Amino acid sequence: MLGQIDIKLSDNFNYSRLLRFALPSIIMVLVSSIYGVVDGIIISNYTDVEHFAALNIILPYITLLGAAGLMLGTGGSALVGKIIGEGKSLRANKIFSLLTYVTIAIGMFLGFFGYVTSNTVANILGADETMQSLSFEYSGIIFKFLPLYVLQLYFQSLLTTAERPTLALQITLLAGITNIALDILFVIYLEKGLQGAAYATGISQMLGGFLPLLYFILKRNKSNINIKLGVPIWDLHSIYKSCLNGMSEWLMSVSLAIVSFLYYYILLTGNRGEIGVDTYGVLLYFSYIFIAVSVGFSRGIAPVISYHYGASDKHELHSLLMKGLLIVLALNLASGLTALVLSAPLANIFVGHDEVLYEYTVHAFRIYSLHFFVTGFNIYISAFFTALNNGKYSGWISVLRTIFFESLSILALWMLFGVDKIWWGVTIAEFLTMVIAFGFLFLKRKYYGY
């Protein structure tokens with residue numbers, strides 16, 4: 001297992017120290033993305049096209065509801081980190097405890113809500129009775145584990161704020177290995193199909209949510225940041241502030257779900273049917289992987305930004321912003337070039353068994369991959385504003401990226417040029433959002449002093 005990285009939030013960060021502190025978070029998000037793809041790879045290769053389509057059509061809804069954990073985790077992390085930077089460690093601990101109990105309650109509600117509504121969602125998207133039944137085989141089990149999935153996402157950010165990013169990574173690795181092993185056992189060897197894949201994912205999420213909870217219950221003060229689950233302080237404003245801070249993360253998932261539903265609707269009504277649904281599913285899986293490094297880096301350094309914002313260290317804020325932008329530029333170039341070069345072999349992993357589906361997927365993948373050259377900037381700038389406790393600007397970036405620009409782009413492309421041109425929509429949307437995101441940075445430079 002990896003050793004604990006001896007870097008504190010209060011440090012001054014050069015490029016090396018910044019990357020070292022963010023590395024566990026980068027690996028954690030990357031591993032989470034990879035093991036999230038495992039269900040799709042195994043289902044696509046060991047069942048049939050219809051099972052894979054049923055999985056893909058319900059996944060955005062699961063992601064949408066689970067994103068409450070990201071919202072409370074990133075928003076709460078920004079608030080707790082700021083309070084710690086102000087030197088109010090006892091209050092930070094009580095706010096953390098409050099947010100944790102609220103997250104548990106919300107996760108339980110969303111699990112029940114998802115269970116009773118998943119069939120309705122699949123029906124609205126145009127799934128026939130067979131596809132609805134297959135999607136519920138998966139989602140009906142997954143939603144029973146959703147409270148722990150919400151906790152898993154919540155604690156990923158808070159463990160970093162507690163100066164335990166390596167522990168967060170170790171738990172994620174354990175959950176990921178468990179998911180992969182159980183996928184192989186349940187789906188390949190026991191031939192349990194979508195139900196087997198759901199139980200494999202659910203059990204891994206149980207580990208990912210319960211182990212951090214146990215850590216914060218039993219935690220001893222071994223660092224300067226003593227965050228431990230205990231008696232909360234009732235503070236509605238802090239709950240509201242955390243939700244507002246993390247709203248961009250939730251809106252990102254809401255936006256992704258809405259846009260995914262729109263893609264599926266266009267593909268199902270535009271004579272692409274299950275082939276189109278499966279192609280978009282493959283693009284989503286690899287999109288998670290290729291943006292994972294930028295997401296992990298942005299989340300990883302967010303507590304550092306929050307701390308120095310709370311400490312009113314404007315010089316360090318400027319340094320973090322500029323270093324982060326240069327690092328993200330390098331990540332954008334690496335992700336974009338890798339996706340273009342590897343589009344064919346990566347598509348082969350999912351759909352190599354079907355020649356027509358494979359060729360269409362490769363064609364779409366090469367166009368869709370162009371947005372990786374831009375997306376990292378929008379992710380980082382959104383996370384930067386979240387870390388500054390400015391959920392308004394962060395939320396606008398998330399909304400503009402998908403609900404507004406991408407939805408309008410793919411609708412316009414569909415109506416003007418046909419269904420096969422919609423793959424350009426995401427690149428157009430990310431570029432337009434990037435222009436606005438940098439405009440936000442320029443607009444607020446004097447207010448925050450970065």
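All figures in this text were calculated on a predicted structure; none of them were measured in a lab.

Analysis parameters
Residues numbered from 1 in each chain as written. Predicted model: local features only at pLDDT ≥ 70, side-chain atom pairs only at ≥ 80, totals over all residues. Heavy atoms only, no water. Helix = DSSP H or I, 4+ residues; strand = E, 2+ residues; numbered from the N terminus. Rg over C-alpha atoms; globule rule 2.2 N^0.38 Å. Buried < 20%, exposed > 50% of the residue type's maximum accessible area, 1.4 Å probe, protein only. Contact = heavy atoms within 4.5 Å. Lys, Arg positive; Asp, Glu negative; His and termini not counted. Charge placed at Lys NZ, Arg CZ, Asp CG, Glu CD. Core = buried A, V, L, I, M, F, W, Y, C linked by side-chain atoms within 4.5 Å. Axes fitted to C-alpha atoms, helices over the stretch in contact; angles between N-to-C directions. Left-handed = near helix turned anticlockwise from the far one by under 90°. Nonpolar A, V, L, I, M, F, W, Y, C, P; charged D, E, K, R; others polar. Salt bridge = Lys/Arg side-chain N within 4 Å of Asp/Glu carboxyl O. Patch = residues over 30% accessible without salt bridge, like charges linked within 9 Å, V, L, I, M, F, W, Y side chains within 5 Å. Areas by Shrake-Rupley, 256 points an atom, 1.4 Å probe, with all protein chains shown as cover. Phe/Tyr/Trp six-rings, centres within 6.5 Å; stacked < 30°, edge-to-face > 60°.

### A closer look at the overall build of the chain
Moving on, step 1. Per the secondary structure count, the chain includes 15 helices and zero strands.
Moving on, step 2. Relative to the compact-globule value of 22 Å for 450 residues, the chain shows a C-alpha radius of gyration of 21 Å, a close match.
Moving on, step 3. Counting only C-alpha atoms, the chain reaches 60 × 45 × 40 Å along its principal axes.
Moving on, step 4. Residues classed as buried in the chain amount to 61% of the 450 residues present.
Moving on, step 5. Of the contacts formed within the chain by residues at least 6 apart in sequence, a portion of 82% connects residues at least 24 apart.
Moving on, step 6. When the 26 positive and 24 negative side-chain charges of the chain are each reduced to one mean point, those points stand 20 Å apart.

### Some words on the nonpolar core
Moving on, step 1. Counting residues in hydrophobic clusters, the biggest one holds 75 residues, and the most contacted among them are Y138, Y263, Y280 and W423.
Moving on, step 2. Among residues more than four places away in sequence, those in contact with W423 are Y263, L267, T279, Y280, L283, Y360, A364, I367 and Y368.
Moving on, step 3. Counting 33 residues, the second-largest nonpolar core is a separate cluster that includes I301, I305, A387 and L441.

### So, the packing of helix α12 (residues 375-387) against helix α14 (residues 425-443)
Moving on, step 1. Running from N to C, α12 and α14 cross one another at 35°; their axes reach a closest spacing of 9 Å. Regarding α12 and α14, the two cross each other, and that crossing is left-handed. Contacts between α12 and α14 involve T375, F377, N378, I381, F384 and F385 from the first element and E430, T433, M434, A437, F438, F440 and L441 from the second.
Moving on, step 2. A breakdown of the residues in the contact of α12 with α14 according to their chemical character gives nine nonpolar, three polar and one charged.

### What about the pattern of salt bridges?
Two side chains that carry opposite charge are able to pair once their charged atoms sit near each other.
Moving on, step 1. Inspection of every chain in the model, using the stated rule, returns two salt bridges.
Moving on, step 2. As a salt-bridge pair, D235 and R91 come within 2.5 Å of each other at their nearest N and O atoms. In this pair, D235 sits in the loop between α6 (193-218) and α7 (236-245) while R91 sits in helix α3 (residues 89-124), placing the two residues 144 residues apart along the sequence.
Moving on, step 3. Given a relative accessible area of 14%, D235 falls into the buried group.
Moving on, step 4. According to the relative accessible area criterion, R91 is partly exposed, its value standing at 33%.
Moving on, step 5. Its salt-bridge partner being R401, residue E430 comes within 2.9 Å of it at the nearest N-O pair. Here E430, found in helix α14, pairs with R401, found in helix α13 (residues 391-417); they are 29 residues apart in sequence, far enough to count as distant.

### Overview of the environment of I41
Moving on, step 1. Mapped onto the secondary structure, I41 falls in helix α1 (residues 15-46).
Moving on, step 2. Taking relative accessible area as the criterion, I41 reaches 26% and is therefore assigned partly exposed.
Moving on, step 3. Between the alpha carbons of I41 and G196 there is a distance of 14 Å; along the sequence they are 155 residues apart.
Moving on, step 4. Contacts of I41, omitting those with residues within four sequence positions, involve I349 and F350.

### Notes on the environment of I367
Moving on, step 1. Within the secondary structure layout, I367 lies in helix α11 (residues 355-368).
Moving on, step 2. Along the backbone, I367 and W423 are 56 residues apart, and their C-alpha atoms lie at a distance of 6.1 Å.
Moving on, step 3. Among residues more than four places away in sequence, those in contact with I367 are W423, W424 and T427.

### Remarks on a nonpolar patch on the surface
Moving on, step 1. A contiguous nonpolar patch, built from Y15, L326, L329, L333 and L337 and spanning about 460 Å² of accessible area, is present on the exposed surface.
Moving on, step 2. If you tally residues by element for the nonpolar patch, the top one is helix α10 (residues 314-351), at four residues.
Moving on, step 3. With respect to the secondary-structure elements, Y15 resides in helix α1.
Moving on, step 4. Exposure remark for Y15: the relative accessible area of 37% places this residue in the partly exposed category.

### Thoughts on the packing of aromatic side chains
Moving on, step 1. One pass over the full model with this rule turns up 25 aromatic pairs.
Moving on, step 2. Ring geometry for F155 and F216: centres 5.5 Å apart, planes at 25°, overall stacked. You can see F155 sitting in helix α4 (residues 129-161) and its partner F216 sitting in helix α6, a full 61 residues away along the chain.
Moving on, step 3. With a relative accessible area of 1%, F155 lands in the buried category.
Moving on, step 4. Classification of F216 by relative accessible area gives buried; the value is 0%.
Moving on, step 5. Between Y380 and F384 the ring centres are 6.2 Å apart and the planes differ by 45°, which places this aromatic pair in the tilted class. Of this pair, Y380 and F384 both sit in helix α12, four residues apart, roughly one helical turn.
Moving on, step 6. The exposure class of Y380 is buried, given its relative accessible area of 1%.

### Focus on unusual backbone geometry
Moving on, step 1. Backbone geometry at E191 places phi at a positive 55°, although glycine is not the residue there.
Moving on, step 2. With respect to the helices and strands, E191 occurs in the loop between α5 (165-189) and α6.
Moving on, step 3. Residue classification places E191 among the exposed residues on the basis of a relative accessible area of 67%.

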